[in-house]
Amino acid sequence: MNIQNVMVIGAGQMGGGIAQVCAQAGFNVTLNDVKEESYAKGIAVIEKNLARNVEKQRMTEDEKQAVLGRITKSLDINDAKNVDIVIEAAVENMDIKKSIFKQLDEIAPSHTILATNTSSLPITEIAAATKRPEHVIGMHYMNPVPVMKLVEIIRGLSTSDDVYQAVEEMTNKLGKVPVEVNDYPGFVANRVLMPMINEAIFTLQEGVATKEAIDEVMKLGMNHPMGPLQLADFIGLDTCLYILETLQEGYGDPKYRPCALLRKYVNAGWLGKKSGRGFYSYS
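Residues numbered from 1 in each chain as written. Predicted model: local features only at pLDDT ≥ 70, side-chain atom pairs only at ≥ 80, totals over all residues. Heavy atoms only, no water.

As named in an unreviewed UniProt entry, the protein is 3-hydroxybutyryl-CoA dehydrogenase, taken from Sporosarcina jeotgali. Quoted straight from UniProt, the Sequence similarities (unreviewed entry) entry for the protein says "Belongs to the 3-hydroxyacyl-CoA dehydrogenase family." The UniProt entry for the protein carries this comment under Pathway (unreviewed entry): "Lipid metabolism; butanoate metabolism." (UniProt positions renumbered as here; feature names shortened; annotations may be inferred.)

Enquirer: Where do I start with helix α8 (residues 211–222) in this structure?
Expert: Because each turn of an α-helix spans 3.6 residues, side chains separated by three or four positions in sequence point in the same direction. Taking 1.5 Å per residue, 12 residues should reach 16 Å; α8 reaches 16 Å between its end C-alpha atoms and fits that length. The complete set of buried residues in α8 reads Ile214, Asp215 and Met218. Along the axis of α8, the buried residues cluster in a sector spanning 95°; they form a single face. The exposed residues of α8 that point more than 90 degrees off its buried face are Val217, Leu220 and Gly221. Buried residues along α8 sit against α7 (189–205) and α9 (228–235). (Helix = DSSP H or I, 4+ residues; strand = E, 2+ residues; numbered from the N terminus. Expected span 1.5 Å × (residues − 1). Buried < 20%, exposed > 50% of the residue type's maximum accessible area, 1.4 Å probe, protein only. Arc of directions from axis to C-beta. Contact = heavy atoms within 4.5 Å.)

Enquirer: It is not clear to me how the sheet that holds strand β3 (residues 71–74) should be interpreted in this structure. Could you clarify?
Expert: Sheet strands pair via backbone hydrogen bonds, and the direction of the pair is either parallel or antiparallel. The eight strands are arranged β3-β2-β1-β4-β5-β6-β7-β8 in an open sheet whose pairing can be described as mixed. Every other strand in the sheet has two partners, leaving β3 and β8 (177–181) as the edge strands with one partner each. Neighbouring strand axes in the sheet, compared pairwise and without regard to direction, differ in orientation by 25° on average. Across four bridges, strand β4 (residues 85–88) lies against strand β5 (residues 113–116) in parallel orientation. Along β5, the bridge assignment pairs Ile87 with Ala115. Seen against the sheet, helix α4 (residues 94–107) touches β1 (5–9), β4, β5 and β6 (136–141) and runs at an angle of roughly 165° to β5. (Pairing = 2+ DSSP bridges. Axes fitted to C-alpha atoms, helices over the stretch in contact; angles between N-to-C directions.)

Enquirer: Is there a simple way to think about the packing of α7 against α8 in this case?
Expert: To describe two helices that pack against each other, one gives the angle between their axes and the distance between the axes. Two numbers describe how α7 lies on α8: the axes approach to 9 Å, and their chain directions differ by 140°. With respect to each other, α7 and α8 are oriented oblique. The chirality of how α7 crosses α8 is right-handed. Here Met196, Ala200, Thr203 and Leu204 of α7 come into contact with α8, specifically with Lys211, Ile214 and Met218. For the contact of α7 with α8, the per-class residue count stands at five nonpolar, one polar and one charged. (Parallel < 35°, antiparallel > 145°, perpendicular 65-115°, else oblique. Left-handed = near helix turned anticlockwise from the far one by under 90°. Nonpolar A, V, L, I, M, F, W, Y, C, P; charged D, E, K, R; others polar.)

Enquirer: What is the right way to look at the UniProt feature "domain: 3-hydroxyacyl-CoA dehydrogenase NAD binding" (unreviewed entry) in the protein in this model?
Expert: Here the UniProt-annotated "domain: 3-hydroxyacyl-CoA dehydrogenase NAD binding" (unreviewed entry) positions come out as residues 5–183. Each end of residues 5–183 is marked by a C-alpha atom, and these two atoms are 26 Å apart; helix forms 41% of the span and strand 22%.

Enquirer: How should the environment of Ile77 be read in this particular structure?
Expert: Position of Ile77 relative to the elements: it lies in the loop between β3 and β4. We classify Ile77 as buried; its relative accessible area is 17%. Residues within four places of Ile77 in sequence aside, it is in contact with Met7, Ile9, Asn32, Ile100, Gln103, Leu104 and Ile107.

Enquirer: Teacher, can you tell me more about unusual backbone geometry here?
Expert: Note: most peptide bonds trans; most residues except glycine with negative phi. The omega angle of the peptide bond from Asn143 to Pro144 is 0°, so this bond is cis rather than trans. Of note, Pro144 is situated in the loop between β6 and β7 (150–155). Positive phi is not limited to glycine here, since Phe187 has a value of about 55°. The backbone of Asn223 sits at a positive phi, close to 60°, despite the residue not being glycine. Residue placement: Asn223 occurs in the loop between α8 and α9. Judged by its relative accessible area of 67%, Asn223 is exposed.

Enquirer: Looking at this model, I keep getting lost on the side chain of Gln20. Mind explaining?
Expert: Among the structural elements, Gln20 can be located in helix α1 (residues 13–24). Separated by 2.7 Å, the side chains of Gln20 and Gln24 make a polar contact. Setting aside residues no more than four positions away along its own chain, Gln20 makes contact with Ile46, Asn49, Leu50, Asn53, Val67 and Pro146. (Polar contact = N/O pair within 3.5 Å; in protein donor to acceptor, adjacent residues only side chain to side chain.)

Enquirer: When you look at the packing of aromatic side chains in this model, what are you seeing that I'm missing?
Expert: In this description, an aromatic ring pair is defined by two values, namely the gap between the centres and the angle between the planes. Under the definition given, this model contains four aromatic pairs. A ring pair is formed by Phe234 and Tyr282, whose centres lie 6.2 Å apart and whose planes are at 90°; its orientation type is edge-to-face. Of this pair, Phe234 sits in helix α9 while Tyr282 sits in the segment after α11 (260–267), and the two are 48 residues apart along the sequence. Among the aromatic side chains, those forming a connected cluster through ring pairs are Tyr265, Trp270 and Phe279. Above the ring of Tyr164, the side-chain terminus of Arg155 is found at 4.5 Å from the ring centroid. Across from the ring centre of Tyr280, 5.6 Å away, lies the NZ or CZ of Lys211, which sits over that ring. (Phe/Tyr/Trp six-rings, centres within 6.5 Å; stacked < 30°, edge-to-face > 60°. Lys NZ or Arg CZ within 6 Å of the ring centre and 35° of its normal.)

What follows is the structure, given as structure tokens:
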């Protein structure tokens, strides 16, 4: 399978980052979003990232323009009829993802690989919304995408070896490190990370230490680059809550139950950096 034309669905933080690294690697990218303003915001972030690379002499102005020239705007999912792979980076909601994949299955050519950037939802269930489950796979990029090297590659129950190999090869071309993971809720990254973040929130709720102290202990004592509460703010507290609920539902294990303080913050609209306030203030 030769991948050259890529469609990314969702121009948000993850989708925009995926589009950027694909274009930088020489792929032709169609960046799709349902809203004009969302696309405009996403492409503005890409331009800002590339301008920073020029300032730091990581690329030339001509290279920057070449990367931008490989990104095409799309507000219509029917543009999937001309691509070799679609990477879906829409909101982390199973019903929405199933709806998107059902549409893609009807629009995209038979050879097109349908990939999802889901961080926790079952690939097999998403694939069941299509008539080509062997062509459906998970590509879980880490945030921020242009910086982080890891991509979890998740096979669904029916994912073919050819599709896996094509996605692994593409990931290498992006300068990322593909790691094969089996299809279980949370995969590896979030199955290990989210209980740690949740326990840090319980520690804060119980008054064991301040948020600053908890983060400092994990940074200095465990050599983490960022404390778990600050990291939760950067991920988005609503996303953390959703992933924990997915883990609890998927495994039926009470150890994944979300801390009440996390739920309270989300209900208050304190979603972290993106809303201006979470465990920390970003005003």
